[in-house]
Amino acid sequence: MRWFRAGDAARPFEALQVEVTSRCNLKCVMCPVTALADRWAQRDLPWDTFERVAAAFARAKWVYLQGWGEPLLHRRFFDMVARAKSAGCRVGFTSNGTRLTRANGARLLDLGLDLMAVSIAGARAATHEAIRVGSDFAKLVENLRRFLSLRRDAGSAAPKVEIFYLMTPGNLAELPQAVELAAELGADELVATNLDYVISPGLDALRAYSASPPAQARRAALDAAAAAARAAGIAFRPYRLQFREMAVCDLNPLRILFVASDGSVSPCVYTSLAGPTEMPRVFEGRPLETPLVSFGNVNQRPLMEIWESAAYREFRGRLARRVAGAGLAMLGAAAGAAADEELPAPEACRTCPKLYGV
C-alpha cells in the first residue's frame, strides 16, 4: 500500500483537510447542506481556530481547504492559503466555481496555489443545473475559461486544474462531451467521481455504482470518455462503478485527518457533519443512522495531542491491522491463517462507499 512506503519523517501527514466554512451559495440536491438544511449549522472557521490547526502544518505535505461548504465564501480564505504555503505545504481546494472571478483567480495565481478542483454535474446546462441547483453553467464555463487563460498568460503550470464530474445514471451519457469540454478549456484532468454520501432513499437513485457489475451502457460511456480523453490529450480518471472492499479507503485516515469548521477533529469528512448528531446514510438501499466520529476539538486540545490520543490510535490501529492483513494475504498460502482472520473496519467506515473503492 502506497501509504505504508517510507515517507518524509518530518511531514508524516499526507494531508490535513480543513473545512473553512460549512456554508454554500448553491443548493445541490445531493449535498447535506441542502438535504439537512433544517439541522445544518452555517459557520465559518474562526481565524484563531485555523491558527491552532496551522501549528501542525509543518508536519503535513498538503493542506486541503475544503469540507462541505464553498471555500471562497470565507472572507479570509486567501490568508489561509498564504499561511499554509508559508509552512511549506502544497495547498488545494474544491470549488463550485461561482466565485472564481478574475480578481480571485489572479490572487490564487499570485499565492502559488497548487491544486484547484471545480465540480460539474453535466456537459449541458440543463443537466448540470438540475443537480447543482443555483449554478449557472454558462457562467461557470466562462469563469473556468478565464482562469485557465490567466494561468496560461502567466506562463505557469500551477495550479493544476481538475474538473470533477459527478457521475449519475442520468448524466453518464454526457461524460465524453464533458471530457472534450475540459480539454477545450485547457484543464489538466477530468475526474469522474461518484455520489459517495447518499443521505436519503430519494437520493439513492443518483448513484451510478453498485455491488454488481455496471450495465453495458455505463461501461460504454466510460470507454467513450476514455477514448475522447486520448484524442484530446487530457488526463481522465474515472472512479469505479462496482464495489471492491479496500483495506483502507483513498482518504486514508492513517495519514490524513479532517478538521471541521467548529474545530472538531475526525478521520475524514464522511464522519463529520455541521449540526446533526448522527449521520443519516443509505447504503445498498438500506437507510441507516451512523454515529459521527470526533476525537476532540483543537479549541480545547492541540491537534497533535488529539492525534496521539488513545481513542484515535485505537481507530487507526484497526485500519493498520487491515492493511497488514491484506499484505499477508498477498504472500500466499503460508500466510493463510493470518490473512483469514476477521478484521472488520471501524463502525463508521463499514457502510461508507469510500471503503468499497467507488
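The preceding data block contains the structure.
A brief report on the enclosed structure follows. Note that this is a predicted model, so its numbers are computed, not measured.

**A look at the overall build of the chain**
Consideration 1: When you go through the chain residue by residue, the secondary structure sums to twelve helices and eleven strands.
Consideration 2: Over its C-alpha trace the chain gives a radius of gyration of 20 Å, about what one expects of a compact globule, namely 21 Å for 358 residues.
Consideration 3: The principal-axis extents of the C-alpha atoms in the chain amount to approximately 55 × 50 × 45 Å.
Consideration 4: Contacts in the chain between residues at least 24 apart in sequence constitute 74% of all its contacts with a sequence separation of at least 6.

**Concerning helix α4 (residues 102–111)**
Consideration 1: The complete set of buried residues in α4 reads Asn 104, Gly 105, Leu 108 and Leu 109. Down the axis of α4, the smallest arc covering the buried residues is 140°, so these residues share one side. α4 presents Arg 102, Ala 103 and Asp 110 as exposed residues on the side facing more than 90 degrees away from its buried surface.
Consideration 2: Looking at the buried side of α4, the elements it contacts are α3 (77–86), β3 (90–95), β4 (115–120) and α6 (137–153).
Consideration 3: Positive phi shows up at Gly 112, right after α4, with a value of about 80°.

**A few points about the packing of aromatic side chains**
Consideration 1: With the rule as written, the count across this model stands at 14 aromatic pairs.
Consideration 2: Between Trp 47 and Phe 50, the ring centres sit 5.0 Å apart and the planes meet at 35°, which makes this aromatic pair tilted. A residue pair is termed a helical-turn pair when its members lie 3 or 4 positions apart in one helix, as Trp 47 and Phe 50 do in helix α2 (residues 47–54) at three residues.
Consideration 3: Relative accessible area serves as the criterion here: at 0%, Phe 50 is assigned to the buried category.

**Quick look at the side chain of Ser 266**
Consideration 1: Mapped onto the secondary structure, Ser 266 falls in strand β9 (residues 265–266).
Consideration 2: For Ser 266, a relative accessible area of 1% translates into the label buried.
Consideration 3: Setting aside chain neighbours within four positions, we find Ser 266 in contact with Leu 257, Phe 258, Thr 271, Ser 272, Val 293, Ser 294 and Tyr 312.

**Brief notes about the pattern of salt bridges**
Consideration 1: What the rule picks out here adds up to 24 salt bridges.
Consideration 2: Of the charged contacts in the structure, one is a salt bridge between Glu 162 and Arg 237, with a shortest N-O distance of 3.5 Å. Of this pair, Glu 162 sits in strand β5 (residues 160–166) while Arg 237 sits in strand β7 (residues 235–238), and the two are 75 residues apart along the sequence.
Consideration 3: On the basis of relative accessible area, Glu 162 is assigned to the buried category, the value being 6%.

**As for the packing of α2 against α3**
Consideration 1: Between α2 and α3, the least distance of the axes is 11 Å, while the angle of their chain directions is 15°. Classified by the interaxial angle, the pair formed by α2 and α3 is roughly parallel. As α2 runs across α3, the sense of the crossing is right-handed. On α3, the residues touching Trp 47, Phe 50, Glu 51 and Ala 54 of α2 are Asp 79, Met 80 and Arg 83.
Consideration 2: Taken together, the residues of the contact of α2 with α3 sort by class into four nonpolar, no polar and three charged.

**A look at unusual backbone geometry**
Consideration 1: Going from Ala 158 to Pro 159, the amide bond is cis rather than trans, its omega being 0°.
Consideration 2: Here Pro 159 is to be found in the loop between α6 and β5.
Consideration 3: Notably, Asn 252 is not glycine yet its phi reads approximately 40°, a positive angle.
Consideration 4: By the secondary structure assignment, Asn 252 is in the loop between β7 and β8 (256–259).
Consideration 5: Given the relative accessible area of 4%, Asn 252 is considered buried.

**Here's the deal with the sheet that holds β3**
Consideration 1: The strand order β7-β6-β5-β4-β3-β2-β1-β8-β9 describes an open sheet built from nine strands, whose pairing is mixed. The open sheet has two edge strands with one neighbour each: β7 and β9.
Consideration 2: Relative to β5, β4 runs parallel, the two sharing six bridges. Considered in β5, the bridge of Ala 117 is made with Glu 162.
Consideration 3: In this fold α6 packs onto β4 and β5, with an angle of close to 160° to the strand it touches most, β5.

So, how was this worked out
Position numbers for residues count from 1 along each chain, tracking the sequence in the order it is written. Reporting in this predicted model follows two pLDDT cut-offs: at least 70 for local features of residues, and 80 or more for side-chain atom pairs to be given and counted; totals over whole chains, interfaces and linings ignore these cut-offs and use all residues. As a rule here, side-chain values come from all non-hydrogen atoms in the structure, and water together with hydrogens is ignored. The helix count covers DSSP runs of H or I at least four residues long, the strand count covers runs of E at least two residues long, and both are numbered beginning at the N terminus. Throughout, the radius of gyration refers to the C-alpha atoms, and the reference size of a globule is 2.2 Å times the residue count to the power 0.38. For this analysis, residues touch if any pair of their heavy atoms sits within 4.5 Å. The rule is simple: take the accessible area with a 1.4 Å probe, protein chains only, and divide by the maximum for that residue type; under 20% is buried, over 50% is exposed, in between is partly exposed. Arc, as used here, means the arc of the directions from the helix axis to the C-beta atoms. Aromatic rings from Phe, Tyr and Trp, with only the six-membered ring used for Trp, were paired whenever their centres fell within 6.5 Å, and each pair was classed as stacked if the ring planes differed by under 30 degrees, edge-to-face if by over 60, and tilted otherwise. For this document, the term salt bridge refers to a Lys or Arg side-chain nitrogen within 4 Å of an Asp or Glu carboxyl oxygen. Lines fitted to the C-alpha atoms define the axes, with helices restricted to the stretch that makes contact. Angles between their N-to-C directions range from 0 to 180 degrees. Each angle is binned into one of four classes, with values under 35 degrees roughly parallel, values over 145 roughly antiparallel, values of 65 to 115 roughly perpendicular, and all other values oblique. Left-handed is the label given to a crossing in which the near helix is rotated counterclockwise from the far helix by less than a right angle, and right-handed is the label when the rotation is clockwise. Ten residue types, Ala, Val, Leu, Ile, Met, Phe, Trp, Tyr, Cys and Pro, are classed as nonpolar, four, Asp, Glu, Lys and Arg, as charged, and the remainder, Gly among them, as polar. DSSP-based pairing: two strands are paired if at least 2 bridges between them are found.

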